[in-house]
Amino acid sequence: MKDYNPQKIEKKWQRSWKTSGIYQAQDRVDGKDNFYHLVMFPYSSGDLHIGHWYNFAGGDVYARLKRMQGKNVMLPIGFDSFGLPAENAAIKHNTHPKTWTEQNIKRMRKQIESIGGIYDWQREVITCHPGYYKWTQWIFLQLYKAGLVYRDRVPCNFCPSCKTVLANEQVVEGGCERCQAQVTQKEVEQWLFKITDYAETLLKDLEELDWPETTKTMQKNWIGRSEGWQINFKVAGNNIEIPVFTTRADTLFGCTYLVVAPEHSLLADPRLKIQNSSFVRKYIEASKNKTERERISEITEKTGVELRGIKAVNPVNSREIPVFVADYVLMHYGTGAVMAVPAHDNRDWDFAKKYNLSIIKVLSGGKKDGAYEGEGVLLNSGRFTGMRSETARERMGQWLQQRGVSQKKVYYRLRDWLISRQRYWGVPIPMVFCEKHGWQPVEENDLPVLLPKIKDFRPTSQCRSPLANSKEFTETVCPQCKGPARRETDTMDTFVCSSWYFLRYADSGNNERFASASKLKDWLPVDMYIGGAEHSVLHLLYSRFITKALEKAGYIDFSEPFSSLRHQGIIFGPDGQKMSKSKGNVVDPDKQVKKHGADAVRMYLCFMGPYNQGGHWNPNGIVGVYRFLNRVWQLFSVQGFTENNDTGKQEKIIHQTIKKITEDIESLRFNTAISALMILVNELSSCKEKFTKNELRILLLLLAPFAPHITEELWFQSGWQGSIHCQKWPKYDSKLIKEEKIQLIIQINGKVRDRIEVDSGICREEAEELTFKQKKVKNRLSGKTVKKVVFVPGKLINLVI
Ligand code: ANZ
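Rules used in this analysis
- Residues numbered from 1 in each chain as written.
- Predicted model: local features only at pLDDT ≥ 70, side-chain atom pairs only at ≥ 80, totals over all residues.
- Heavy atoms only, no water.
- Pairing = 2+ DSSP bridges.
- Helix = DSSP H or I, 4+ residues; strand = E, 2+ residues; numbered from the N terminus.
- Axes fitted to C-alpha atoms, helices over the stretch in contact; angles between N-to-C directions.
- Contact = heavy atoms within 4.5 Å.
- Phe/Tyr/Trp six-rings, centres within 6.5 Å; stacked < 30°, edge-to-face > 60°.
- Buried < 20%, exposed > 50% of the residue type's maximum accessible area, 1.4 Å probe, protein only.
- Lys NZ or Arg CZ within 6 Å of the ring centre and 35° of its normal.
- Near = heavy atom within 4 Å.
- Polar contact = N/O pair within 3.5 Å; in protein donor to acceptor, adjacent residues only side chain to side chain.
- Areas by Shrake-Rupley, 256 points an atom, 1.4 Å probe, with all protein chains shown as cover.
- Nonpolar A, V, L, I, M, F, W, Y, C, P; charged D, E, K, R; others polar.
- Expected span 1.5 Å × (residues − 1).
- Disulfide = S-S within 2.5 Å.
- 1 Å grid on protein atoms, 1.4 Å probe; cavity = no way out; pocket = protein on both sides within 12 Å on 5 of 7 lines; lining within 4 Å.
- Points joined across faces, edges and corners; volume = space filled by probe spheres on them.
- Parallel < 35°, antiparallel > 145°, perpendicular 65-115°, else oblique.

Judged by pairing direction, the sheet is mixed, and its 4 strands sit side by side in the order β31-β30-β33-β32 without closing on themselves. The open sheet has two edge strands with one neighbour each: β31 (751-759) and β32 (788-792). Across the sheet, the mean angle separating the axes of adjacent strands is 20° when strand polarity is ignored. With 4 bridges connecting them, strand β30 (residues 741-748) and strand β33 (residues 796-800) associate as parallel partners. Looking at β33, one finds that Ile-745 is bridged to Leu-796. Its contacts with the sheet put helix α24 (residues 764-773) on β30, β31, β32 and β33, and the angle it makes with β33 is roughly 65°.

Encoded structure:
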């Protein structure tokens, strides 16, 4: 047997797996349950970076375990391939987005193949292919039918210097990413999805999901449910009412002015005689140039203008109060108007101080200077004085409700999903405008509306997609009257493409339907989804929305797409910094594979730290893993084994290791699983006798998910039948692994503070977890940060504070 040479064996086995098709997932296999394992599909940027590798390597280890445990596993892969980066790169390299994307996909396929994963390439989806986006358009039409699509005037970012529309990502601190000119907002009619119709179920259904709590919380905050009261303030001297939304009705007696958003309809009401109307108009105009982020930023100074000659009446005490227009109030939240309580709201406090407005304290508590935003007992509040704020909130709301000026309301921060892009490289929106019939959906039979290959795909100066310049594309007939009509030229946000790709994998070749009902039943919902935490909100929320909308329309019979979700951490450069070209600390996975082999790269990534935390790339670390694989190779080639079929003297440790590795992979604790493997190899090699055949067989099986190539080669060379990847995962005998107990000493700063009884083989993570649960430890630590933890296996743990 020759030396370990990953370059030789890896390519060989990748070819062999491809030809034998062992990883192609059959829709149904007798006696096996289906398991749909998904990793987030990459953007076709042209380069598979180490973060992808981390996602894919961990995903593959998990999927391989499930496969060996007897599940019928599907691990598909594809490319998210429409969108801005393709356009930008094409401009930079003087090519076409289509050409650029196609080249990249070719290259990335090779890179992904080099990981040695169990991808079922036959199911590949590419979102910019007409065979795929036909169904993206079809989904648009289903939402349209369900009343979930509408058109509205929405501001879009416009750079007056480059004369082009900018995506939100291209606006940096209010300026154009390219030329830094101040970006302005131009209102254009655009298409939106009514995701807000689903706000409540999107929120409620989070409960049942096996997702990281942090991700659920982010979604909850994004949806932002707020319960409060809508209270109508009358304008003095006429019948106009200004409804406000407040979560703090208890502070009503402290309301000393009202504020309306610059876009509020009140400001255009002819019945209202605003004395300084030209000044007010100027303010409204100026606010149009501000982005929403600027408007609500806590650091920018609040500005506003009083509507001279206008007073509102506070319904609790009939006091007349001034009304302001100010852009820190947003039109699209609540009613677009706010009752200001400077004594109990920081923003109102700043504003009142600046414009010298009265401040009335109506709650006990807080310091002298500044707003007190907490709860307390009511002061200066008429019949409610002395009541707790929590109770007063309801009582005051109800009291006003009886008088017909208030009602209970729930508002959500979530806004409708703006899916229009004035861009070329995206899915054409399947709508047609006819002078007689207005906007009409394209007929389903006429899908896909193909994206033509046009030469000048650069963003235009008129807030319109470059497609508008293509007569061939725009000129069409009305689906209703067959008269002349023009096509919509906006394309869809790429998040629409990725909001349903997981459905297509179930049946990616289907030309009749987005996926057949029976195949969807076979595979969905996704059993395990692994991907970056940066997608905690948008992609995951949009996918949940599309799933729910399709369920309601009767096309699928589940309401949540991803039953379990996990995030991998981030891999930092060797210097501990975020990888970036400018810092020169980018680790190129292709080079690493060339040097150490894919098995070593996969395994090192899994070994470097807890999977959900990531770690920094240590060049010595990967060498260590490479040496370990070499050692395994040597066990077979140099030491050999006896034909004895039992587990020999090492029975106990072998069974303990099976248990540990099984449990660890299942909870994505790859690093501790690999440690256990290393310990096992150490134990086996330190034994003077030759290994038994069975011991080595188990070792290979346990290593197979992490290092699929070397294990396949050694399996083959040892004369075992079939592929190792089609074998059963080893089982452990729980009778054999009754752990001995030891007393683990707990020290704080080197002093013994406690002793706990634990399994002798306890690992660092478990020991830490138990230690922090101890009462004595908790008391001693109270509030102090632990700087370092020293763990001596089988003996002690020392916390340095
Ligand atoms: C009076 C008040 C007094 C408020 C007080 C707070 C504290 P959440 O919890 O995020 O829903 N508000 C309402 N509509 C707004 C808008 N369109 N733009 C900006 N601010 C708006 O916030 C609800 C609170 O945000 C509301 O309760 C309102 O201020 C403000 F001591 O009303 B409050």
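Next comes the rest of the write-up.
Inspection of the secondary structure puts Arg-293 in helix α9 (residues 292-296). On a C-alpha basis, the gap between Arg-293 and Glu-173 in space is 8.8 Å, while along the polypeptide they are 120 residues apart.

Next up on the list: the packing of aromatic side chains. Summed over all chains, the structure comprises 48 aromatic pairs. Taking the centre distance of 6.2 Å and the plane angle of 85° together, the rings of Phe-245 and Tyr-333 count as edge-to-face. Highlighted residues: Phe-245 in strand β11 (residues 241-246) and Tyr-333 in the loop between β14 (320-325) and β15 (337-340), separated in sequence by 88 residues. Phe-245 sits in the buried class, given a relative accessible area of 10%. Taking 5.9 Å as the distance between ring centres and 75° as the angle between the ring planes, the aromatic pair formed by Tyr-501 and Phe-502 counts as edge-to-face. What makes Tyr-501 buried here is its relative accessible area of 0%. Look at Phe-502 and you get buried, because its relative accessible area is 0%. Through pairs of rings, three or more aromatic residues link up here, namely Phe-140, Trp-191, Phe-193, Tyr-198, Trp-417, Phe-433, Trp-439, Phe-495, Tyr-542 and Phe-545. Between the NZ or CZ atom of Arg-64 and the centre of the ring of Trp-17, over which it lies, the distance is 5.5 Å. The ring of Trp-399 carries the charged tip of Arg-403 above its face, separated from the ring centre by 4.8 Å.

So, about the site of the ligand. Taken together, 18 residues are adjacent to the ligand, and Ser-226, Thr-246, Leu-330, Tyr-333 and Arg-413 come closest. Between the ligand and the protein, one listed contact pairs an oxygen atom with a side-chain N or O atom of Ser-226 at 2.4 Å. Arg-347 is positioned such that a nitrogen or oxygen atom in its side chain is 3.3 Å from a nitrogen atom of the ligand. Its free accessible area being 650 Å², the ligand has 86% of it covered by the protein chains. Those elements that place two or more of their residues in the shell around the ligand are β11 and β15. For the shell around the ligand, the residue count by class is 8 nonpolar, 6 polar and 4 charged.

Compared with an ideal rise of 1.5 Å per residue, which puts 16 residues at 22 Å, helix α5 (residues 130-145) spans 22 Å between its outermost C-alpha atoms and is within 8% of the ideal. Positive phi shows up at Gly-147, right after α5, with a value of about 75°.

Within β33, 4 of the 5 residues are buried, leaving the element largely enclosed by the surrounding structure. In sequence, β32 turns back onto β33 through a hairpin of 3 residues, with Gly-794 there showing a positive phi of about 75°.

Position of Arg-388 among the secondary structure elements: in the loop between α10 (346-355) and α11 (389-402). We classify Arg-388 as partly exposed; its relative accessible area is 39%. For the pair Arg-388 and Asn-221, spaced 167 residues apart in the sequence, the C-alpha separation amounts to 27 Å.

With that settled, consider the state of the cysteines. Evaluated as defined, the whole model comprises 0 disulfides. Residue Cys-159 stays outside any disulfide, its sulfur separated by 3.6 Å from that of Cys-179, the closest cysteine. Look at Cys-159 and you get buried, because its relative accessible area is 0%. Not engaged in a disulfide, the cysteine Cys-478 finds its nearest cysteine sulfur in Cys-434; these two sulfurs lie 3.7 Å apart.

Further remarks concern the layout of surface pockets. Over the atoms a probe the size of a water molecule is rolled, and this reveals where empty space is left. Of the volumes computed, that of the second largest pocket is approximately 1000 Å³. Surrounding the second largest pocket, 34 residues form its lining, Lys-660, Gly-761, Ile-762, Cys-763 and Glu-766 being those nearest its centre. Those elements that place two or more of their residues in the lining of the second largest pocket are α20 (651-666), α21 (670-686), β31 and α24. Residue contributions to the lining of the second largest pocket peak at 8 residues, all from α20. When grouped by side-chain class, the residues that make up the lining of the second largest pocket number 11 nonpolar, 8 polar and 15 charged.

Below, the discussion takes up the packing of helix α18 (residues 598-607) against helix α23 (residues 708-717). Running from N to C, α18 and α23 cross one another at 125°; their axes reach a closest spacing of 7 Å. Looking at the two axes, α18 sits oblique to α23. Taking contact as the criterion, the partners of Ala-598, Asp-599 and Arg-602 in α18 are, on α23, Pro-708, His-709 and Ile-710.

The next point concerns the pairing of β30. Relative to β31, β30 is paired through 8 bridges, and the arrangement is antiparallel. Looking at the pairing, Ile-742 lines up with Val-758 of β31. Counting the residues that bridge the hairpin from β30 to β31 gives 2 residues, and of these Asn-749 lies at a positive phi of roughly 50°.

Attention shifts here to the sheet that holds strand β21 (residues 475-477). What the 4 strands build is an open sheet, ordered β20-β19-β22-β21; its pairing is antiparallel. Of all the strands in the sheet, just β20 (438-441) and β21 have a single pairing partner and so form its edges. Each strand of the sheet is rotated relative to its neighbour by a mean of 45°, with strand direction disregarded. Strand direction decides the pairing type here: strand β19 (residues 431-434) and β20, joined by 4 bridges, are antiparallel. Its bridge partner being in β20, Phe-433 is matched across the sheet by Trp-439.

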